[in-house]
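Secondary and tertiary structure notes
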Amino acid sequence: MKHPNEKIMLELIKYTRIRTKNKIRVGAFIIKGNKIVAKAISTVFISEDPTAHGEINVIKKLAKKNKSRNLKGHWIYTTMIPCPMCTSAIAWSELDGIVYGLDGRHLLQQLDLHPKEILKTSKKEIKLIGPFLDDECLTINTYKKKNK
């Protein structure tokens, strides 16, 4: 499959909008070939677990299902740019690439570190594509793009 894939991202946006009612609505899919093999949303505000980001949740779900932490041959799609914690988990799980929707670093106001800074230290090359369909990702929340 060629990445980024508009059909997958639009499905992720729809999934995230339907599944979440939180302040911060972030969803993630893991793709193998042309098939979605795992889905998750951020549950930080439900679980009060600050590590329960959509990307972490979907990686944990697939690693458990596969009984392997190694997710080579898979891509992750996420509605918002991965934070440093999630980017590190993506590197540790050895996913092949990331497609993200909105660059929301200005919204979260926590750690303003671009994933490319973390990924360039990874032993394995992990492709990074985004922002992709960011206007559509804005429809999930009441977010606004950063003024340039």
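Residues numbered from 1 in each chain as written. Predicted model: local features only at pLDDT ≥ 70, side-chain atom pairs only at ≥ 80, totals over all residues. Heavy atoms only, no water.

**So, the overall build of the chain**
- Secondary structure assignment for the chain yields seven helices and five strands.
- Taken against the 2.2 N^0.38 rule, which gives 15 Å for 148 residues, the C-alpha radius of gyration of the chain at 14 Å falls within 12% of a compact globule.
- With the C-alpha coordinates aligned to their principal axes, the bounding extent of the chain is approximately 35 × 30 × 30 Å.
- Out of the 148 residues belonging to the chain, those deemed buried represent 47%.
- Counting only contacts in the chain whose residues sit at least 6 apart along the sequence, the fraction spanning at least 24 positions is 61%.
- Of the roughly 8,400 Å² of accessible surface on the chain, 53% is carried by carbon and sulfur atoms.
- Charged side chains in the chain number 28 positive and 14 negative. The centres of these two groups are separated by 6 Å. (Helix = DSSP H or I, 4+ residues; strand = E, 2+ residues; numbered from the N terminus. Rg over C-alpha atoms; globule rule 2.2 N^0.38 Å. Buried < 20%, exposed > 50% of the residue type's maximum accessible area, 1.4 Å probe, protein only. Contact = heavy atoms within 4.5 Å. Areas by Shrake-Rupley, 256 points an atom, 1.4 Å probe, with all protein chains shown as cover. Lys, Arg positive; Asp, Glu negative; His and termini not counted. Charge placed at Lys NZ, Arg CZ, Asp CG, Glu CD.)

**Structural notes on the sheet that holds strand E4 (residues 97-102)**
- In spatial order, the strands read E2-E1-E3-E4-E5; together these five strands make up an open sheet with mixed pairing. Looking at the sheet topology across the chains shown, the edges are occupied by strand E2 (35-41) and strand E5 (127-129). The average undirected angle you get between the axes of adjacent strands in this sheet is 20 degrees.
- In this sheet, strand E3 (residues 74-80) lies alongside strand E1 (residues 27-32) in antiparallel orientation, the contact comprising five bridges. Looking across to E3, one finds that isoleucine 30 is bridged to isoleucine 76. (Pairing = 2+ DSSP bridges. Axes fitted to C-alpha atoms, helices over the stretch in contact; angles between N-to-C directions.)

**Here we look at the pattern of salt bridges**
- Counting across every chain of the model gives four salt bridges.
- Of the charged contacts, one joins lysine 124 and aspartate 96 as a salt bridge, the two residues approaching to 2.5 Å between their closest N and O atoms. Here lysine 124 is found in the loop between helix H6 (115-119) and E5, whereas its partner aspartate 96 is found in the loop between helix H4 (84-93) and E4, with 28 residues between them in sequence.
- Among the residues examined, lysine 124 registers a relative accessible area of 22% and is labelled partly exposed. (Salt bridge = Lys/Arg side-chain N within 4 Å of Asp/Glu carboxyl O.)

**A word on the pairing of E3**
- Of all seven residues making up E3, seven are buried, and the element is well covered by its neighbours.
- Bridge analysis of E3 against E4 gives five bridges, and the strand direction is parallel. If you follow tryptophan 75 over to E4, its bridge partner there is glycine 97.
- Handedness of the crossover joining E3 and E4 through H4: right-handed. (Right-handed = clockwise from strand over helix to strand, strands pointing away.)

**What about the environment of lysine 72?**
- Within the element layout of this structure, lysine 72 appears in the loop between helix H3 (54-66) and E3.
- Of the residues examined, lysine 72 reaches a relative accessible area of 44% and is grouped as partly exposed.
- Residues lysine 72 and glycine 97, 25 residues apart in the sequence, show an inter-C-alpha distance of 9.4 Å.
- Setting aside residues up to four positions removed in sequence, lysine 72 forms contacts with Ser93, Glu94, Asp96 and Lys124.
- A distance of 3.3 Å separates the side chain of lysine 72 from the side chain of glutamate 94, its partner in a polar contact. (Polar contact = N/O pair within 3.5 Å; in protein donor to acceptor, adjacent residues only side chain to side chain.)

**Notes on the state of the cysteines**
- Within this structure, the stated rule accounts for zero disulfides.
- Cysteine 86 takes part in no disulfide bond, and the closest cysteine sulfur to it belongs to cysteine 83, at a distance of 3.7 Å.
- Residue cysteine 86 is classed as buried on the basis of its relative accessible area, which comes to 0%. (Disulfide = S-S within 2.5 Å.)

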